[in-house]
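Report on the structure
Here are the chains, one letter per residue:
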Amino acid sequence: MQYKLTTSSLLGDSALGKLAALAQRHAPQTPLGYVAAAIGTLALLFGLLVFALIVRIIYNTTLYHYYVSPLRHLKGPKPKLFIGNMDEFITKPGAVGEIEWSRKYAENGVFRSTFMFGREAVHFMRPKALRQILVEDPYSYPKPSMAWKLLGLIAGYGLLTVEGDTHRKMRKTMNPAFSLTNLIEQFPVYYDKVYPLVDVLRKKIDESSEEHAIIDCDAWVNKALLDIICLTAFGYDADSVNNPDNELASAYHAVTSMQNGQNQARLNLVLNLPFGDTVLDWASDVSGWEWGLNRFGKDSAAQTFFQLLNGMHRIKKVSKQILHKQLNSGERAAQAGQSKAIIDIIEETYLSENDGKPKSLKEAERNMITQVLTFLGAGHETTASGVSWTLWNLATHPEAQDKLRKECKELMDQDERPPYSAVKALTYLDAVINESMRITPPVPRTVRCASKASYIDGVYIPKGTLLPISNRAINMDPEVWGADADEFKPERWFNLPEKYDRTFSMITFIAGAHGCIGRTMSYLEMKATICILVSNFRFEPISKDQSPVMDALITMKPKDGLPLKVFKV
Ligand code: HEM
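The numbering scheme is per chain: residues are counted from 1 as the chain's sequence reads. A pLDDT threshold of at least 70 governs which residues receive local features in this predicted model, and a stricter bar of 80 or more applies before side-chain atom pairs are shown or counted, although totals over entire chains, interfaces and linings include all residues. To obtain the side-chain values, all non-hydrogen atoms of the structure were included, while hydrogens and water were left out.

Think of it this way: one heavy atom of a residue within 4 Å of a molecule or strand is enough to make that residue near it. Near the ligand lie 31 residues; those nearest to it are His-167, Arg-171, Thr-446, His-514 and Cys-516. Taking His-167, its side chain carries an N or O atom lying 2.7 Å from an oxygen atom of the ligand. Side-chain polar atom of His-514 to an oxygen atom of the ligand: 2.5 Å apart, as the coordinates give it. Strands here mean DSSP runs of E at least two residues long; helices mean DSSP runs of H or I at least four residues long; both are numbered from the N terminus. Going through the elements one at a time, α8 (164-174), α16 (361-395), β4 (446-449) and α22 (519-536) are the ones with two or more residues in the shell around the ligand. No other element matches α16, which puts six residues into the shell around the ligand. Whenever a nitrogen or oxygen atom comes within 3.5 Å of another N or O atom, the pair is scored as a polar contact, on the condition that within protein one atom can donate a hydrogen and the other can accept it, and that pairs from neighbouring residues in sequence are kept only if both atoms are in side chains.

Atoms are scored as donors when they are N, O or S and lie within 2.8 Å of the metal, with 3.2 Å used for Na, K and Ca; no water is included, so coordination may look incomplete. Just one protein atom coordinates the iron atom of the ligand, and that atom is Cys-516 (SG), at 2.3 Å. Considering the arrangement of structural elements, one finds Cys-516 in the loop between α21 (478-481) and α22.

The next point concerns the packing of aromatic side chains. Any pair of Phe, Tyr and Trp rings, taking the six-membered ring for Trp, is counted once the centres come within 6.5 Å. Such a pair is stacked with planes under 30 degrees apart, edge-to-face with planes over 60 apart, and tilted for the rest. Here the structure, examined in full by the defined rule, presents 20 aromatic pairs. One aromatic cluster is present, formed by Phe-187, Tyr-190, Tyr-191, Tyr-195 and Tyr-420 through successive ring pairs. Two thresholds decide whether a charge sits over a ring: the Lys NZ or Arg CZ must be within 6 Å of the ring centre and within 35 degrees of the ring normal. For Arg-438, the ring lying beneath its charged end belongs to Trp-481, and the centroid distance is 4.9 Å. Between the NZ or CZ atom of Arg-538 and the centre of the ring of Phe-567, over which it lies, the distance is 4.1 Å.

In this section: the packing of helix α12 (residues 261-271) against helix α14 (residues 301-329). Two packed helices can be described by the angle between their axes and the distance between those axes. Simply put, an axis is a line fit to the C-alpha atoms, just over the touching stretch for a helix, and the angle between two N-to-C directions goes from 0 to 180 degrees. One can describe the packing of α12 onto α14 by two numbers: an axis separation of 11 Å at closest approach and a directional angle of 75°. Here α12 lies roughly perpendicular to α14, going by the angle between them. Across the interface between the two elements, Asn-263, Arg-266, Leu-267 and Val-270 of α12 pack against Ala-301, Thr-304, Phe-305 and Leu-308 of α14. Tallied by class, the residues present in the contact of α12 with α14 amount to five nonpolar, two polar and one charged. Here the word oblique covers every angle except those under 35 degrees (roughly parallel), over 145 (roughly antiparallel) and from 65 to 115 (roughly perpendicular). What makes two residues a contact is simply this: any of their non-hydrogen atoms within 4.5 Å. Residue type decides the class: Asp, Glu, Lys and Arg count as charged, Ala, Val, Leu, Ile, Met, Phe, Trp, Tyr, Cys and Pro as nonpolar, and the leftover types, Gly among them, as polar.

Let us look at the environment of Glu-136. Note that Glu-136 resides in helix α6 (residues 127-136). Glu-136 gets classed as exposed once you look at its relative accessible area, which sits at 56%. When the C-alpha positions of Glu-136 and Ala-513 are compared, they lie 8.9 Å apart, and in sequence the two are 377 residues distant. Only protein chains enter the accessibility calculation, which uses a 1.4 Å probe; a residue whose area is less than 20% of its type maximum is buried, one above 50% is exposed, and one in between is partly exposed.

The next point concerns the confidence of the model for the protein chain. Interpreting fine coordinate detail is not advised for predicted regions of low pLDDT. Looking at the protein chain, the pLDDT average stands at 88 and 94% of residues meet or exceed 70. The low-confidence segment residues 1-5 (pLDDT under 50) makes three contacts with residues lying over four places distant or belonging to another chain. Values of pLDDT, the confidence the predictor places in each residue, fall between 0 and 100.

When a carboxyl oxygen of Asp or Glu lies within 4 Å of a side-chain nitrogen of Lys or Arg, that pair is called a salt bridge. Evaluated as defined, the whole model comprises 32 salt bridges. For Glu-207, the salt bridge is made with Lys-203, and the minimal N-O distance between the two is 3.6 Å. Residue Glu-207 and its partner Lys-203 are both found in helix α9 (residues 180-207); the two are separated by four residues, about one turn of the helix. We classify Lys-203 as exposed; its relative accessible area is 53%. One salt bridge connects Lys-316 with Asp-281, and the closest N-O pair in it is separated by 3.0 Å. One end of the pair, Lys-316, is in helix α14; the other, Asp-281, is in helix α13 (residues 276-283), with 35 residues separating them in the sequence.

Right, let's talk about α12 for a bit. Those residues of α12 lying buried are Gly-261, Asn-263, Gln-264, Arg-266, Leu-267, Asn-268 and Leu-271. Of the surrounding elements, those touching the buried residues of α12 are α4 (86-91), α7 (145-155), α13, α14 and β9 (550-552).

Attention shifts here to the sheet that holds strand β8 (residues 537-541). On the basis of which strands lie adjacent, the open sheet formed by three strands has the order β3-β11-β8 and antiparallel pairing. Unpaired on one side and paired on the other, β3 (212-216) and β8 mark the two borders of the sheet. Neighbour to neighbour, the strand axes of the sheet diverge by 35° on average, direction disregarded. Across the sheet, helix α10 (residues 217-234) is in contact with β3, β8 and β11 (563-568); its angle to β3 comes to roughly 65°. One requirement defines pairing of two strands: DSSP has to find at least two bridges between them.

Ranked by internal contacts, the top residues of the largest apolar core, which has 118 residues, are Phe-234 and Leu-376. Per-element tally for this core: the top contributor is α16, with 13 residues. Excluding its chain neighbours within four sequence positions, the residues that come into contact with Phe-234 are Ile-229, Ile-322, Ala-333, Ile-342, Ile-343, Val-372, Phe-375 and Leu-376. Definition used in this section: a nonpolar core is a set of buried Ala, Val, Leu, Ile, Met, Phe, Trp, Tyr and Cys residues joined via side-chain atoms within 4.5 Å. One finds Leu-74, Ala-121, Ala-129 and Tyr-141 within the second-largest nonpolar core, a separate group that totals 33 residues.

Here we take up the environment of Ala-219. Along the chain, Ala-219 turns up in helix α10. You can call Ala-219 partly exposed: its relative accessible area is 23%. Through-space distance from the C-alpha of Ala-219 to that of Ala-249 is 9.9 Å; in sequence the pair is 30 residues apart.

This part covers the UniProt feature "binding site: heme" (unreviewed entry) in the protein chain. UniProt positions are given in the numbering used here, feature names are shortened, and annotations may be inferred rather than shown by experiment. Annotation from UniProt places "binding site: heme" (unreviewed entry) at Cys-516. Residue classification places Cys-516 among the partly exposed residues on the basis of a relative accessible area of 38%. Leave out the neighbours within four places in its chain, and Cys-516 touches Arg-171 and Phe-509.

Distance thresholds for patches are 9 Å for like charges and 5 Å for nonpolar side chains (Val, Leu, Ile, Met, Phe, Trp, Tyr), applied to residues having over 30% relative accessible area and no salt bridge. Computed with a 1.4 Å probe, the accessible areas rest on the Shrake-Rupley method; for each residue, only the protein chains presented here act as cover. Where nonpolar side chains cluster on the molecular surface, the patch consists of Phe-46, Leu-49, Val-50, Ile-54, Ile-58, Leu-81, Phe-82, Ile-83, Met-116 and Phe-117 and spans about 830 Å² of accessible area. Checked against the element boundaries, Phe-46 lands in helix α3 (residues 31-68).

Written out as structure tokens, the structure is:
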């Protein structure tokens, strides 16, 4: 007699044996049956995986958070299942969520919050900790992948996203374009590009039936500042102030007008899918996305992606044109007097030998486009938002505006295009811009991640912990700035508080290795622009209850623009 050795026979009458016998009876008999069984098994495994993930997330946001985490002693808002505190983080514009948390929970300048799926985050507010993260050991605390993927998509995978030696080298190469001498030489270009804006605003007031015109100052300032960066950095005369349909200006407007918490959540979701960033980056290289524009609901997810891909494609297309013009002209893009423009350096670096190996033109082109995107993305939108928020702060503080006008007009009445040294000497202008950068920073937050376990300011930080740098919350810390920290008071810059730290009490440009390379350039641009505008115009809110919403994806912009009443003076 032949005895068939099966699992069920080995396990006998035990429960497992019965289960094995059942499986044997239902074993597939045909190829189709095997396929169905394989699919069933895969579905079961996937289901188990999802179940395990859900259990893990629930554990992270409950038991682990309160009883196990080495960070449990830190205070912070209660996390919600799955989403942690992301709802407040995303839906409260102007980083108000972090400001509220910092005031409610921070002890010794530290509090914690929870990101999606229970990922822990520790917010440090004080100089000692910020110095360690940003200045002393910056490459141990890089941007987490979710941040560099988002930045990379919009501002190119360049200086903002690289780390370590690659970053050090790239930054060293770019530094000469941002030397004060170079920037002072390009200062006259700012006048060339801001005075056409003055003409446009004057014309609008003349055409109005009242003594003022209501003008979206954010939109117009954006155009003038785009013209400045295009000419000084890339030798490209966009002239978008006189030519509002300029391709680059309208594409930029399409992308930046999408900035809000909801779209940030959508983008983060896609960017964190496997290959999500590669697919989006590749998709923005190809054309045809205009097909989907306006086919879907205004705020729908589909509309967000069509608008983003179409906008990014158009920006990349113009960037390529700028680059090829530069390559074909064989000339430098630097303006009169200026020794180097960013694109001159990009060209020198990428068309020269690279570690002994010549790069192919295609690779060089890709790298160069990345750099163009970085400087357009990081340099234009930020400074334009800086000027817009300063105008808003002045419009809502008429006494400060009058005082500033007096200072600027005295200079501008003598010379419409004063040299940099004269503008630099305007101390109230300096105080107004500093104060505006403090309470309305164009970049309200950024984030780092602990790539190793370490102690920061005496707090044990496990590897992988997120370290949000809450710029706006730090800038408005009442512990440093006093009870009136939330108020716009330029005068405070003439009498700085005792606890003021030069590098870390106003951290709008952050600090250290990744600190803003364009900080001085943006101050020069903002000073020239504001000085010209307040010398020629008076700005008022359009109504008593006007309150622009501080939308933020990467930069903080006034949602739906910044309409103001503009009067001639
Ligand atoms: C008011 C205007 C500006 C603000 C508030 C601002 C803010 C910042 C901040 C916060 C960072 C650090 C981001 C991070 O690492 O998490 C940064 C980096 C950077 N900014 Fe600016 N920025 C401004 C203007 C400019 C200008 C005018 C340029 C160039 C034309 C520029 C180019 C860059 C670049 C290339 C980086 C990356 C630096 C690196 O990682 O080494 N920015 N900026």
